[in-house]
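For reference, the chains in residue letters:
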Amino acid sequence: MAFLADALSRVKPSATIAVSQKARELKNAGRDVIGLGAGEPDFDTPDNIKNAAIEAIRRGETKYPPVSGIAPLREAIARKFKRENNLDYKPEQTIVGTGGKQILFNAFMATLNPGDEVVIPRPYWVSYPEMVALCGGTPTFAETSIANGFKLTAEALEKAITPKTKWLVMNSPSNPSGAAYAEAELRALADVLLKHPHVWVLTDDMYEHLTYGDFVFRTIAEVEPNLYDRTLTMNGVSKAYAMTGWRIGYAAGPIQLIKAMDMIQGQQTSGACSIAQWASVEALNGPQDFIAKNKAVFQGRRDLVVSMLNQARGITCPTPEGAFYVYPSCQELIGKAAPSGKVIDTDETFVSELLEAEGVAVVHGSAFGLGPNFRISYATSDALLEEACTRIQRFTASLS
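None of these values were measured; they are calculated from a predicted model.

## Observations regarding the state of the cysteines
Moving on, step 1. Under the definition given, this model contains zero disulfides.
Moving on, step 2. As a non-bridged cysteine, C330 has C317 as the owner of its nearest cysteine sulfur, 12 Å distant.
Moving on, step 3. We classify C330 as buried; its relative accessible area is 0%.

In structure tokens:
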């Protein structure tokens, strides 16, 4: 009898975590490495949020919190959804988890039975299909392409839905592509979903506040109120508020789903860190002006990276609407030889040879379900980004 669970054979380690770890190991060994794999802002958590956490400690807010979250935070979440998304949720329709990952995992654990399918557009965040598989479901994939900005179309969604489909996972702006859905694009997807009442929508809006130019963010239950009763709207404080290590995600949805997720969480971790929850109350209720300042910095970095990558031989890099990632294609470089003599046969080989030759760590696109591409996180300084892109230009020029 095997000791480890069969479920482990259905999942793979996180490629993004692996790349960051590899970059750290090489740096510790003395290599000059620029790591562009991490999906977290390089800004510090704002002082008012830090101070709220310190004050919570001093008040003695250090006991077990309620499983679904402290009342002030659930109230703040309900106000946030009304204020920013025109969605009416009562506090009891909300839930707080230890990061967005726990919210997603609990939603799948609460709803998936063997044979249930979850439609996930490619490219996807690496954890979506692994979570579905761990929870006993079957991940299925809807195709996108660089030609349509890596966005799911109504036709592709219709093709992906079967009688076994239980969820559609939406992520806008997207990790890894940065693609974000405008209202008209969401409207077209909603029209398909209205024809399939057995399909629920799990919308991951974690990068909501990181959209650029004149793009206006919308979430699908806002665009189509008839989907409200079968949508779980997930968000968190990690990206917009530079609070990745505080580990607070949250969601709102139908009360029966929230209660089921609460029951699972009660037997799993119980409530998220009380201090982090009080900090998140301040994040959602406090000043929001710094978000626009950070966005402006990110937009400048995006434009720098897109421009320099499109000047690299054989690289095509679309301009994303949001998040802090670009997802360029290296299709034209497949079949060429690296300085080491190794043939670039896949995007994984491309990023491996790039790391070896130039010390730039990026994530291969096949880890996100769509290649030959690679993901760059531009959540680091302009100077490092310029140096990294210069190295990428040099590397692509060296291929023969």
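Text resumes after the structure shown.
## Focus: the side chain of T380
Moving on, step 1. As for its placement among the helices and strands, T380 is situated in the loop between β12 (374-377) and α13 (382-398).
Moving on, step 2. Apart from residues lying up to four places away in sequence, T380 is in contact with L36, D42, R301 and L385.

## Here's the deal with the pairing of strand β5 (residues 165-171)
Moving on, step 1. With six of its seven residues buried, β5 lies for the most part within the structure.
Moving on, step 2. Two elements, strand β3 (residues 117-121) and β5, share three bridges in a ladder whose sense is parallel. Note that in β5 the partner of V119 across the bridge is L168.
Moving on, step 3. Pairing between β5 and strand β6 (residues 200-204): five bridges, direction parallel.

## A closer look at the sheet that holds β5
Moving on, step 1. Read across the sheet, seven strands follow the order β2-β8-β7-β6-β5-β3-β4 without closing on themselves; strand pairing throughout is mixed. Only two strands of the sheet have a single neighbouring strand rather than two, namely β2 (94-97) and β4 (138-142). Mean inter-strand twist for the sheet, computed between neighbouring axes without regard to direction, equals 20 degrees.
Moving on, step 2. Packing of helix α3 (residues 71-85) onto the sheet brings it into contact with β2, β7 (231-236) and β8 (249-252), and relative to β2 it is tilted by some 115 degrees.

## Things to note about the packing of helix α4 (residues 99-111) against helix α5 (residues 127-134)
Moving on, step 1. The geometry of α4 relative to α5 is characterised by a closest axis approach of 9 Å and an angle of 40 degrees between their N-to-C directions. As for how α4 packs across α5, the hand of that crossing is right-handed. Taken together, the residues of α5 that come into contact with α4 (itself represented by K101, L104, F105 and F108) are S127, Y128, M131, V132 and L134.
Moving on, step 2. Looking at the contact of α4 with α5 residue by residue, the classes come out as seven nonpolar, one polar and one charged.

## Considering the side chain of Q265
Moving on, step 1. Along the chain, the position of Q265 falls in helix α9 (residues 255-266).
Moving on, step 2. Accessibility expressed as a relative area gives 0% for Q265, which makes it buried.
Moving on, step 3. In contact with Q265, not counting residues within four places along its chain, are V67, I95, V96, G97, Q102, N106, S270 and G271.

## Describing the UniProt feature "domain: Aminotransferase class I/classII large" (unreviewed entry) in the protein chain
Moving on, step 1. The UniProt feature table records "domain: Aminotransferase class I/classII large" (unreviewed entry) at residues 32-392.
Moving on, step 2. Helix and strand shares over residues 32-392 are 39% and 13% respectively, and the end C-alpha atoms of the span are 14 Å apart.

## With respect to the environment of K159
Moving on, step 1. Mapped onto the elements of the fold, K159 is located in helix α6 (residues 154-160).
Moving on, step 2. Owing to a relative accessible area of 75%, K159 belongs among the exposed residues under this scheme.

## Structural notes on a nonpolar patch on the surface
Moving on, step 1. A grouping of F3, L4, L8 and L134 is seen on the molecular surface, where their side chains present a nonpolar patch of about 470 Å² in accessible area.
Moving on, step 2. Considering the arrangement of structural elements, one finds L4 in the segment before α1 (15-28).

## Side note on the packing of aromatic side chains
Moving on, step 1. In total, this model carries 18 aromatic pairs according to the counting rule given.
Moving on, step 2. For the pair F81 and Y250, a centre-to-centre distance of 5.9 Å together with 80 degrees between the ring planes defines the contact as edge-to-face. With F81 in helix α3 and Y250 in strand β8, this pair connects stretches of sequence that are 169 residues apart. For the pair formed by F81 and Y250, the shared burial category is buried.
Moving on, step 3. Each ring, one from F324 and one from Y325, has its centre 5.0 Å from the other, and the planes form 55 degrees; the classification is tilted.
Moving on, step 4. Take Y325: its relative accessible area is 0%, and that puts it in the buried class.
Moving on, step 5. R59 extends its terminal NZ or CZ atom over the ring of W278, reaching a point 4.8 Å from the ring centre.

Rules used throughout
- Residues numbered from 1 in each chain as written.
- Predicted model: local features only at pLDDT ≥ 70, side-chain atom pairs only at ≥ 80, totals over all residues.
- Heavy atoms only, no water.
- Disulfide = S-S within 2.5 Å.
- Buried < 20%, exposed > 50% of the residue type's maximum accessible area, 1.4 Å probe, protein only.
- Helix = DSSP H or I, 4+ residues; strand = E, 2+ residues; numbered from the N terminus.
- Contact = heavy atoms within 4.5 Å.
- Pairing = 2+ DSSP bridges.
- Axes fitted to C-alpha atoms, helices over the stretch in contact; angles between N-to-C directions.
- Left-handed = near helix turned anticlockwise from the far one by under 90°.
- Nonpolar A, V, L, I, M, F, W, Y, C, P; charged D, E, K, R; others polar.
- UniProt positions renumbered as here; feature names shortened; annotations may be inferred.
- Patch = residues over 30% accessible without salt bridge, like charges linked within 9 Å, V, L, I, M, F, W, Y side chains within 5 Å.
- Areas by Shrake-Rupley, 256 points an atom, 1.4 Å probe, with all protein chains shown as cover.
- Salt bridge = Lys/Arg side-chain N within 4 Å of Asp/Glu carboxyl O.
- Phe/Tyr/Trp six-rings, centres within 6.5 Å; stacked < 30°, edge-to-face > 60°.
- Lys NZ or Arg CZ within 6 Å of the ring centre and 35° of its normal.

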